[in-house]
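Coordinate analysis (summary)
Chain by chain, the residues:
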Amino acid sequence: MLRLLEKLPPGQALEFLHKIVDGICGRAYPRYQDYGSAWSLTEWMEVLEETVAYFKTAVGRNMSDEEVAEQVTELNSNYQEAITKCLKGRKEEIRNALVERVNAISSTQLQDFDWQLKLALSSDKISMLQMPLLNLDLDVRENGEIKPISIEMNKEELQNLINALEAANKVVLQLK
Amino acid sequence: MEEVDKILIHSLRQAGTLVPPEIQSVRDFPPELVVEAAVRCVRVVRPALGAPLSTLLPPGMSARFRLASDLASACQELGFSGDVGYQTFLYSSEHDTRRLLLFLVEKLPRDEAEGGAEPPGKSGTLLRAISACIRDQLGTPWVPPRCRTPRFQRLQGVGHLHPFSTCPLILPHTGGSPELQEYFRGAAPPVPAQPPQPARAPPALLETHTAQLSTHHNWETEWGSIGLASRLPPQEYVGRKRLQARLRALESLRQACPPRPYGPPEGSLDPAWLQGAFGAGGETGGALPKGSRFTRTQHLTHEQDPQVLLQQVRVAAEALPPSKGSEEGMGMRQAGEEAALEATLARLEVEIEGRRGEAQAAQLGLAQAEAEVRQGRLALGSRQDALRLKAQALELLPDAQGNLAKLQLVVEAISGVFWGVLMAHFGVLPARWQLVVEAFTGVFWGVLTARSGVLPARWQLVVEAFTGVFWGVLTARSGVLPARWQLVVEASSQRIVSLAGQWERHRGPLLAEYRHLRALRDSAQLESSRRLSEIRALHERSCSAADEARRKEELYKQLVLELEALPRDISRAVYTRRILEIVGNIRKQKEEIGKILVDTRVLQKEINTLVGKLERTFSVTDELLFKDAKRDEVVRKAYKYLAALHENCAQLIHTIEDTGTIQREIRDLEEQIEENIRQVKLSSPDYKGCAQEEVVADFLKRIDCYKATYEPLDDQLDSDLSYIKIFDVGVRYLANRVQGHVQSRTVYYLMNIHVTPRAIYLSRHGESQLNLRGRIGGDSGLSPRGRQYATALAEFIRNQHIRDLKVWTSHMKRTIETAEALDVPYEQWKALNELDAGVCEEMSYEEIQARYPQEFALRDQDKYRYRYPKGESYEDLVQRLEPVIMELERQENVLVICHQAVMRCLLAYFLDKSAVLKLTPVAYGCEVESIFLNVEAVNTHRERPQNVDVSRATAEALLTVPDHY
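The structure reproduced in this document is the subject of the present report. (Residues numbered from 1 in each chain as written. Chains lettered and ligands numbered in written order. Predicted model: local features only at pLDDT ≥ 70, side-chain atom pairs only at ≥ 80, totals over all residues. Heavy atoms only, no water.)

This part is about the packing of aromatic side chains. Residue and element names in this part refer to chain A. Using the criterion set out here, one finds 18 aromatic pairs over all chains in the structure. Between the aromatic rings of F16 and W39, the centroid separation amounts to 5.2 Å while the plane-to-plane angle is 45°, which identifies the pairing as tilted. Residue F16 is located in helix α1 (residues 10–24), and its partner W39 is located in the loop between α2 (32–35) and α3 (41–60); the two are separated by 23 residues in the primary sequence. F16 sits in the buried class, given a relative accessible area of 0%. Taken together, F16, Y32, Y35, W39 and W44 form an aromatic cluster joined through their ring pairs. (Phe/Tyr/Trp six-rings, centres within 6.5 Å; stacked < 30°, edge-to-face > 60°. Helix = DSSP H or I, 4+ residues; strand = E, 2+ residues; numbered from the N terminus. Buried < 20%, exposed > 50% of the residue type's maximum accessible area, 1.4 Å probe, protein only.)

What follows is the structure, given as structure tokens:
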């Protein structure tokens, strides 16, 4: 089923596979424009999908080396070697990425955050305010799509939030 | 001072002042240069202060004065504590200028020092960069987006802003499989190329590093506290902790999830169950099934609020803005729609109710079904048991004969044992035995029938036969062999005893071994705890060492930075060289002084020898010539010449010597002048808070200035002028042509004053009886409070320990009584008597107003010149007091006990009268110190009223009369 892989020159196979793994681990997937000469667009989609699926199952099922090799017997030995090499080297990383995804099983998950400190000079009621405000931006993944949430907090509220997070961190540390 | 000046000039040049190279010391500074240097320094130190000042000294005198005054105030604002004014710049003295310039130069900012004070290292650089950036941003005004230049675009635009989003990075590390290492060496992209967009690299790096740091930190703290106490190696500790965490997680999962269906106990998880456990499956295919307990409860609570929903809908419907078209038709249609909607809502509500009921029924049904399933399972268990029994029985069936034989054997063995035991214990009791055995058989039979339930007939036969046999054996054996039994029993007991002995033998070593092992374990535990504490100490030490190392590294960095920041020319070596130079200079000077001394001595000697030679030559020549003088005319002439020469020589020598004396005198006089300055001018207000040397130097300069304007008096040439000369602060006086009253009084006065340190104490008398009653004048005695005052005064004077104190009083009773308390001799002065109030003596102000309103008003009009009828005015009093004042000037320490008006005149200004005043006359003016003796007295001072007209009202006149009885 990974036959399409053979269209790629054997020298590039390992690099391509590593890029796929990078994509699985949350970085950039390989770009079509780099491999447009080897595959057509449909083939590209297919090869991408299948390779990803292959890696995911191989690591997710915790297959032994023989089982892994069994699935790619149809391929040329060069490609087989490349696949085993890539899988052996990056297994732990893929596993971590998959564990991360399983961890994100609950409905919403914090993906990223950013903050800005602002000094409010005045409000609609008070002409001299001089109050520092923290603008916290949370990138939350909900049902697969990233949703930005923006919260503005003053000093006390921020302190409350930090306290809550610290308490949570303590619990997490106990479980680590 | 030269060195100081060099440094000063160098610094001034650095501050931007062009000091001409020929100027080597501050002494040579012209006022223009002083002003320029000061202005430039002020500009550098505080630009706001220095900006309005000009560096060029204007030609106009008033402009010069203004500039110098401004500059002086600027210097004071900068914190210059010394005396500074326009004269510092315009008529500068070397010393003042140096002080001022030194102060300003010290205030000059040092760029290098500032650089060194900032935190070093990368964080310092970062902070500096941030602050520079912020300063840059704050320094530029906001510009609308359209008008922005590229620079403003960079500063204020939003084009370069990126969201702070991260992505996981892979960083090369050691360990792992060889393939991984190969990946790191070859195919792994560099960190900046890893994120999908380059802008995400810094946040990603930042996050990775923070995560690593915090992990490390957490691990450190945990290992330091709990980890070490567990006495496990780190890996094992982590493994155990992970296991515990997993167990806990499993526990909570188990509690939260529905029970697992029975199936294969271990192996792959049933996906259906998993889905059930984690809530409803998500509709979106990509995401994992979502939902937790929380979302489920939320779901339920939200569903149960149809009422709220309805209300909301209603409110929304009512709030709909009415359209402006055909209101009537619109209204109708809307009403219809509303009704339809409401009907739908009602229907929906009913449906929801129905559904809820159904759901409840379904839940009930579910519970019932569950109970049924449980019952069924129980029944199944019991049936399985029965089945197993039956299966066993069936297994026995095929080999019935063999089994029967076996059974018989078993039964026989049981009976044999049974029998033996019985016989051994009870002896022979055949009759009872039969009963027992029969019962036993019965039981046995019952059990058998019950157990097998199969083939009872055959079994009965077998059992009967067995019973018969058994019975026969029993009867045959009973009572036959008691002796043998006994033997057997004895042997058994012996065996038991021997066994016990053997056990004892084995037990001893085992116990010992056990104890030994326990001791070993204890010691091992002790050892391990000791090790543990050691390890902990080591850990702490390593932590502290790491801290120390970090601190030292920081310090080192800072020092290196400082070293780099230090300017090359202010190095230690330069200072050392300068100090050495100074020391060398001093040595050179000392040598020069020594040389000069030697020279002087040589010179003296030479002079002496020369003088002696001259004398001798003269006498010899004299003798030689004198002999021939009578005979030869020429020789006589020569002799005459010689005599003249001799005379001239003597004169010359005399003149030279005179010059020397005069020079010495001049030096003495100069010293005398300095001494005089020190005595007289130190207390001058011009030199307030100045050091002695400064005063002397400054006044000498002032004398130089005087010389330019004044001309000294010449004894001969100016003998026709009238003048007074005072030599050496009153040691000698020269009064020339002093004529007339004022002049002679002046001489008198000048001859009486002196500057010896002394104090004059002025005190009013204590409160008198008449004071108490508010009456003026009179000659009454002291009131009790007045006497108290007298004692207090005596006490005070005693405590002062005044040398040669003279006490003066007036002729009045109240002052004498006050002085009596002192218990020292006192002098009475009629001149010190109180102002004579004439006809108003012993009258109160009210009475005066009543009797002489006109007089009273006139007095208020001009108090100084007003004379009471038949009495005195202040003017008279002043005349009367003149000799007293003169005498006061002549005296040293004096205590004057006098009256209100007298004291007023003595001081010429009004002061708190119930106090002692200590006057310390100095060369310029008088220092006044008011000492309150803490004894109250009535106030007798009456302020001048507003209205002093003769025709004023009584109340107005008495407005300011002080309170009295």
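Don't stop here, the text continues.
Moving on to the interface of chain B and chain A. By a frequent convention, interface size equals the accessible area lost on bringing the separate parts together. Counting residues at the interface gives 27 residues for chain B and 26 residues for chain A. Taking both sides of the interface into account, the surface hidden between chain B and chain A amounts to around 2300 Å²; carbon and sulfur atoms contribute 55%. Our enumeration of links across chain B and chain A arrives at 2 salt bridges. Linking K85 of chain A and E182 of chain B is a salt bridge whose minimum nitrogen-to-oxygen distance equals 3.0 Å. At the junction of chain B with chain A, the criterion picks out 6 residue pairs in polar contact (both at pLDDT 80 or more). Secondary structure elements with two or more residues in the side of chain B that touches chain A: α10 (178–185), α11 (201–229) and α12 (234–256) of chain B. Considering every element that reaches the side of chain B that touches chain A, the biggest residue donor is α10 of chain B, with 4 residues. Taken together, the residues that form the side of chain B that touches chain A break down as 14 nonpolar, 6 polar and 7 charged. (Contact = heavy atoms within 4.5 Å. Buried area = accessible area lost by both parts, 1.4 Å probe. Salt bridge = Lys/Arg side-chain N within 4 Å of Asp/Glu carboxyl O. Polar contact = N/O pair within 3.5 Å; in protein donor to acceptor, adjacent residues only side chain to side chain. Nonpolar A, V, L, I, M, F, W, Y, C, P; charged D, E, K, R; others polar.)

All names here are of chain A. Taken together, the side chains of D65, E66, E67 and E70 present a region of like negative charge at the surface. Here D65 is to be found in helix α4 (residues 65–71). Judged by relative accessible area, D65 falls into the partly exposed class, the value being 43%. (Patch = residues over 30% accessible without salt bridge, like charges linked within 9 Å, V, L, I, M, F, W, Y side chains within 5 Å. Areas by Shrake-Rupley, 256 points an atom, 1.4 Å probe, with all protein chains shown as cover. Lys, Arg positive; Asp, Glu negative; His and termini not counted. Charge placed at Lys NZ, Arg CZ, Asp CG, Glu CD.)

Turning our attention to the sheet that holds strand β1 (residues 108–120) of chain A. Residue and element names in this part refer to chain A. Taken in spatial order, the 3 strands line up as β1-β2-β3 in an open sheet, and their pairing is antiparallel. Two strands in the sheet have a free side with no partner beyond their single neighbour: β1 and β3 (145–153). Averaged over all neighbouring strand pairs, the angle between strand axes comes to 15°, with direction disregarded. Where strand β2 (residues 131–142) meets β3, 9 bridges bridge the pair, whose relative direction is antiparallel. (Pairing = 2+ DSSP bridges. Axes fitted to C-alpha atoms, helices over the stretch in contact; angles between N-to-C directions.)

Turning next to the nonpolar core. Residues and elements named next belong to chain B. Ranked by size, the top nonpolar core spans 36 residues in total, and within it L12, F29, L71, F89 and L104 carry the most contacts. Those elements that provide at least two residues to this core are α1 (2–14), α2 (31–45), α4 (61–77), α5 (86–90) and α6 (94–107). Residue contributions to this core peak at 8 residues, all from α2. Aside from chain neighbours lying at most four places away, what touches L71 is V35, A38, V39, V42, L53 and F89. (Core = buried A, V, L, I, M, F, W, Y, C linked by side-chain atoms within 4.5 Å.)

Here we come to the environment of T73 of chain A. Residues and elements named next belong to chain A. Mapped onto the elements of the fold, T73 is located in the loop between α4 and α5 (77–103). Spatially, the C-alpha atoms of T73 and L2 are 9.8 Å apart, while their sequence positions differ by 71 residues. From its side chain, T73 meets the backbone oxygen of E70 in a polar contact 3.0 Å long.

So, about the environment of G26 of chain A. Along the chain, G26 of chain A turns up in the loop between α1 and α2. Between the alpha carbons of G26 of chain A and I94 of chain A there is a distance of 9.9 Å; along the sequence they are 68 residues apart. Setting aside chain neighbours within four positions, we find G26 of chain A in contact with C167 and P168 of chain B.

Residue and element names in this part refer to chain A. The interhelical angle for the contact between α1 and α5, taken along N-to-C directions, is 15°, at an axis separation of 9 Å. In this view, α1 runs roughly parallel relative to α5, as classed from their interaxial angle. For the pair α1 and α5, the crossing hand works out as right-handed. For the pair α1 and α5, contact is made by P10, A13, L14, L17, H18, V21, D22 and I24 and by N78, Y79, A82, I83, K85, C86, R90, I94 and A97, respectively. (Parallel < 35°, antiparallel > 145°, perpendicular 65-115°, else oblique. Left-handed = near helix turned anticlockwise from the far one by under 90°.)

To continue, consider the pattern of salt bridges. Inspection of the entire model under this criterion finds 40 salt bridges over all chains. A salt bridge links R865 of chain B to E875 of chain B; the nearest nitrogen and oxygen atoms lie 4.0 Å apart. Taken as a pair, R865 of chain B in the loop between α29 (853–861) and α30 (874–890) and E875 of chain B in helix α30 lie far apart in primary sequence, 10 residues in all. R865 of chain B gets classed as exposed once you look at its relative accessible area, which sits at 52%. On the basis of relative accessible area, E875 of chain B is assigned to the partly exposed category, the value being 32%. Within the structure, one salt-bridge network assembled from shared partners comprises D22, R27, R90 and E93 of chain A.

By themselves, these observations are geometric and do not establish any function.
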